[in-house]
Amino acid sequence: MSLCLSIFSHLLHPHPHLSTSTTSTSTTSTPCRQYVEYVKNLRHIQVRGDGSATFELEVDLKDPSSRIFLYKIFMCYFNTLQDGVMIPFFDIAANTKHSLKTVGKKLVFSINNLMAEDAGLYQVDVEGVNLFSTDFKSKVPNVKFVVKIQEVTAQERENAVFECVLSHPLPRVKWIGKNSPLEDGDKYTITASEDKLIHSLLVKDCKQLDKGIYTAVAGIKSCSAWLIVQGTEAAHQSPGSTTHAARKTTAASGTDVDLSKVAEEQRLRLQEERERERMEAEAMKAQREAELLELNVASSSSAAGAGPAVADGLHPGVQFVSGLSDVDAILGGTAEIMCKVSSEDYPPRFDEEDLSVFSRPVVIKVGQNAVFKLPFEGQEPMKMQWFRDGEELLADANVKIERWADHSRLLLSRCQRKDAGEIKFRLRNDHGTTEVVSQLVVIDRPSIPQGPAEVLESSPAVIEFKWRPPKDDGGRPVVSYALERRQVGRNTWKKLADVPGGVPGYRDTDVDHGRKYCYQKTYAVKDVVESLEYEFRVAAVNSSGAGEFSNPSEFVFARDPKKPPGKVLDLKVTDRSYTHLSLSWGKPEAVAGLQDEAKGYHVELRPADSLEWCRCNATASILPSYSVKGLRAMEMYWVRVVATNEGGEGAAADLPTYVLVMPLPGESPEVLRSHMMMTICRRFLY
């Protein structure tokens, strides 16, 4: 299997490319220094004998609490929801698909239970900064073991051989001994048959140190078997002895399988498959040649001296000069198929199938990555630009743009709701400009419902109220509202109902008469206790979940609406001077169904020469008495008192005559004379 490690440009190289070295050491550049002191000892992904694959790196984080993310990016030529998917990983002890083992500053990532769909580009980020990526090649050989390696028991100083038969030819099988890769050399001999179906591992001069589990890895498939080494007297031969017997080679025992016969049968089966595929290819080739002949005839009849036929899928200015030829190749090897076309300048263009896929909206959740990728063709030089809602995107911490000769790729990291919108790719050369458009949809939970709740009805049996929908529905319709209620003075919220999303209201019938309640959103609640006081809150819910709850509503009593109080009784002046009046009165009577108990009182005055009443106390007095100060001596005032409660203000009670601002009869002449002189001086000054 061909595997490689790619170190991104901001770490090691001026341009991204694949590194063939097993280990690398790097110093971090400016984008990484915010989180990382250094990155080194990078090891590309390797398939292990237990059916897993691992890759590792050593990194020194400035902040040990920095978050590490693992992404898998499929190497396709169009955007899908699977591109740039964040992969959850867990502790190595957990039985999960992807795991992480931390040894000091070394991070070892594991991919367990390998499957063909595990192929792709794996990328490790720290707080949005990419450290490195390793490519698990997408063209994994689809090879199986027809005959697996078997347990071998050998005597010391003998040779042991493991053999297996594959379903398809493979140039080389990876051999692993006791968790270490084995190479052909003095200790081991690795061979393959001429048809590349039978693969063998010869362990020479077996010793007790050689015993253990040996594994053969072909693609993502593997098989393992034990090597058992038994001691003999020959193994204890004196060092000075010059007698050297020929070593015996021991193979697996207990099996009568003829590997050569199995391989021959498999070879014939593959030959039949290739012959069938060849015949199908020849039929398709003949059909294609007929189509090209028809195109040539049509081209010759439409214009004299016309050139070769124009091939489907190519620009009208480009023509085939020579076609394709059949090629034989070994599975896992390299095959090259070539054709030759004419060269002509033409504007940029896209494949219709790629355009169809690109135009589909990309839907992700908040915090996920979005990937847009599109191949193209056209005469160079090309200018490539990406836009979001008409504004050009430039590379930064959350935006990565890759520009290649035949495709471009846009990666938007950790997207938020504000990142949603129209994504446009513009391609331009000297011969024209082409634009394509897609949509990015970032979904989240709804925002808080707007505004305080408005109470529509309050009675001993029901409380009805309404609210306004959230300003942001999170990119998905609001399917319901989660409504909760709490009695004033308690800490526990009680869930009332899930209100349908199209009904911004609620009717609460579970109330206690006389208690006070507080609401959020519109709904009629019936389960209330009369006279109790409640408060309510609400949260909008869409397909992504419930948003935050709104602030609690105002307190609401579960009782019938209050009636305004009646007139106060026995209003009279209890004291007066040249500057103030003191009043008292009796509470109005409460009459069931007509007028309720008064909760406060307002005192109002009107000068005798004016028609406008002036309220003396903005806040209602709860006592049945009041003193009005700051009056002008010897002035005449009309006086009245208005009772009030939650139902409103009652009718005013007036004194029968005006009041003259002067002391009551019975005060001493000296006091009267002093007040009179002060009044005369005040009037003279004014």
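Because the structure is a prediction, the values reported are computed rather than measured.

Conventions adopted
- Residues numbered from 1 in each chain as written.
- Predicted model: local features only at pLDDT ≥ 70, side-chain atom pairs only at ≥ 80, totals over all residues.
- Heavy atoms only, no water.
- Helix = DSSP H or I, 4+ residues; strand = E, 2+ residues; numbered from the N terminus.
- Buried < 20%, exposed > 50% of the residue type's maximum accessible area, 1.4 Å probe, protein only.
- Contact = heavy atoms within 4.5 Å.
- Areas by Shrake-Rupley, 256 points an atom, 1.4 Å probe, with all protein chains shown as cover.
- Salt bridge = Lys/Arg side-chain N within 4 Å of Asp/Glu carboxyl O.
- pLDDT = per-residue confidence, 0-100.
- Phe/Tyr/Trp six-rings, centres within 6.5 Å; stacked < 30°, edge-to-face > 60°.
- Lys NZ or Arg CZ within 6 Å of the ring centre and 35° of its normal.
- Pairing = 2+ DSSP bridges.
- Patch = residues over 30% accessible without salt bridge, like charges linked within 9 Å, V, L, I, M, F, W, Y side chains within 5 Å.
- Core = buried A, V, L, I, M, F, W, Y, C linked by side-chain atoms within 4.5 Å.
- Axes fitted to C-alpha atoms, helices over the stretch in contact; angles between N-to-C directions.
- Disulfide = S-S within 2.5 Å.
- Polar contact = N/O pair within 3.5 Å; in protein donor to acceptor, adjacent residues only side chain to side chain.
- Lys, Arg positive; Asp, Glu negative; His and termini not counted.

**Focus: the overall build of the protein chain**
Point 1. On a plain count of helices and strands, the protein chain comes out with four helices and 48 strands.
Point 2. Here the protein chain holds 686 residues, and 40% of them are scored as buried.
Point 3. Contacts in the protein chain between residues at least 24 apart in sequence constitute 60% of all its contacts with a sequence separation of at least 6.
Point 4. Carbon and sulfur atoms form 51% of the exposed surface of the protein chain, whose accessible area is close to 37,700 Å².

**Digging into the pattern of salt bridges**
Point 1. Scanning the entire structure with this criterion turns up 23 salt bridges.
Point 2. Among the salt bridges present, the one from E604 reaches R615, with a minimum N-O distance of 2.8 Å. With E604 in strand β43 (residues 600-607) and R615 in strand β44 (residues 614-615), the pair connects residues that are 11 residues apart, well separated along the chain.
Point 3. We classify E604 as buried; its relative accessible area is 7%.
Point 4. Through salt bridges with shared partners, a single network forms among E604, R615, R640 and E649.

**Remarks on the confidence of the model for the protein chain**
Point 1. Averaged over every residue, the pLDDT of the protein chain is 77; residues scoring 70 or more account for 72%.
Point 2. Strand β19 (residues 198-203) holds the highest mean pLDDT among the elements of the protein chain, 94, whereas strand β1 (residues 3-7) holds the lowest, 32.
Point 3. Counting contacts from residues 1-29, a segment whose pLDDT is below 50, to residues more than four positions away or on other chains yields 87 contacts.
Point 4. Low pLDDT, under 50, characterises residues 302-311; the stretch is placed with 18 contacts to residues that sit more than four places away or in other chains.

**Focus on the packing of aromatic side chains**
Point 1. The tally for this structure, following the rule as stated, stands at 12 aromatic pairs.
Point 2. Measuring from ring centre to ring centre gives 5.4 Å for F162 and Y214, while their planes differ by 25°; the resulting arrangement is stacked. Taken together, the residues F162 in strand β15 (residues 159-166) and Y214 in strand β20 (residues 212-218) connect sequence positions 52 residues apart. The two residues F162 and Y214 agree in class, both being buried.
Point 3. By the ring-pair criterion, three or more aromatic residues cluster together here, those being F350, F358, F372, F376, W386 and F425.
Point 4. Over the face of the ring belonging to F549 we find R537, whose NZ or CZ atom lies 4.3 Å from the ring centre.
Point 5. Its guanidinium or amino end placed over the ring of W613, R640 lies 4.1 Å from that ring's centre, counting from NZ or CZ.

**What to know about the sheet that holds strand β21 (residues 221-230)**
Point 1. Strands sit in the order β14-β21-β20-β16-β17 across an open sheet of five strands; the sheet is mixed. Edge positions in the open sheet fall to β14 (152-155) and β17 (180-181), since each of these has one partner strand only.

**Concerning a nonpolar patch on the surface**
Point 1. A contiguous nonpolar patch, built from I213, W226 and I228 and spanning about 270 Å² of accessible area, is present on the exposed surface.
Point 2. Locating W226 in the fold gives a position in strand β21.

**Let's talk about unusual backbone geometry**
Point 1. Non-glycine residue N41 carries a positive phi angle of around 50°.
Point 2. Take N41: it is sitting in strand β4 (residues 36-47).
Point 3. Backbone geometry at D205 places phi at a positive 50°, although glycine is not the residue there.
Point 4. With respect to the helices, strands and loops of the structure, D205 is situated in the loop between β19 and β20.

**Quick word on the nonpolar core**
Point 1. Among the nonpolar cores identified, the biggest contains 27 residues, and F55, L57, V59, F109 and L131 are the most heavily contacted of them.
Point 2. Of all the elements in the fold, those that place two or more residues in this core are β4, β5 (53-61), β6 (68-73), β10 (106-111), β11 (120-126) and β12 (129-136).
Point 3. With 25 residues, the next largest nonpolar core counts V152, V173, A218 and V229 among its residues.

**Here we look at the pairing of β19**
The side chains of a regular strand alternate, residue by residue, between the two faces of the sheet.
Point 1. β19 sits mainly inside the fold: five of its six residues count as buried.
Point 2. As paired elements, β15 and β19 share six bridges and run antiparallel to each other. Looking across to β19, one finds that C164 is bridged to H199.
Point 3. In this structure, strand β18 (residues 188-192) lies alongside β19, joined through five bridges in antiparallel fashion. In the sheet register, I190 faces β19, and the bridge partner there is L201.
Point 4. The loop that links β18 with its antiparallel partner β19 comprises five residues; one of these, K196, has a positive phi angle of about 65°.

**With respect to the environment of A405**
Point 1. Residue placement: A405 occurs in the loop between β29 (399-403) and β30 (407-412).
Point 2. Look at A405 and you get exposed, because its relative accessible area is 56%.
Point 3. Linking A405 and P381, residues 24 residues apart in sequence, is a C-alpha distance of 9.0 Å.
Point 4. Excluding residues within four positions of it along the chain, A405 makes contact with F376 and E380.

**Structural notes on the sheet that holds β30**
Point 1. Pairing is antiparallel in the open sheet, where three strands are placed in the order β26-β30-β29. The open sheet has two edge strands, β26 (370-375) and β29, and neither has a second partner. Strand-to-strand twist in this sheet, taken as the mean axis angle between neighbours without regard to direction, amounts to 5°.
Point 2. Alignment of β29 against β30, held across five bridges, turns out to be antiparallel. In the strand pairing of β30, E402 is matched with R409.

**Some thoughts on the environment of C415**
Point 1. Position of C415 among the secondary structure elements: in the loop between β30 and β31 (421-429).
Point 2. The sequence separation of C415 and A370 amounts to 45 residues, and the corresponding C-alpha distance is 7.4 Å.

**Focus: the state of the cysteines**
Point 1. Applying the stated criterion to the full structure yields zero disulfides.
Point 2. For C223, which is in no disulfide, the shortest distance to another cysteine sulfur is to C164 and amounts to 5.5 Å.
Point 3. Free cysteine C616: the closest other cysteine sulfur is in C614, separated by 5.9 Å.

**Side note on the side chain of E604**
Point 1. There is a polar contact of 2.8 Å between the side chain of E604 and the side chain of R615.
Point 2. A polar side-chain atom of E604 sits 2.6 Å from a polar atom in the side chain of R640.
Point 3. Once you skip the residues sitting within four places of it in the chain, E604 turns out to touch W613, C614, R615, W638, V639, R640 and V642.

**Re the side chain of D125**
Point 1. Here D125 lies in strand β11.
Point 2. Of the buried charged residues, D125 lacks a salt bridge, with R414 as the closest side chain of opposite charge at 5.5 Å.
Point 3. Of the polar contacts made by the side chain of D125, one reaches the side chain of Q123; its length is 3.2 Å.
Point 4. Once residues within four sequence positions are removed from consideration, D125 is found in contact with R67, I68, F69, Y71, N130 and L131.

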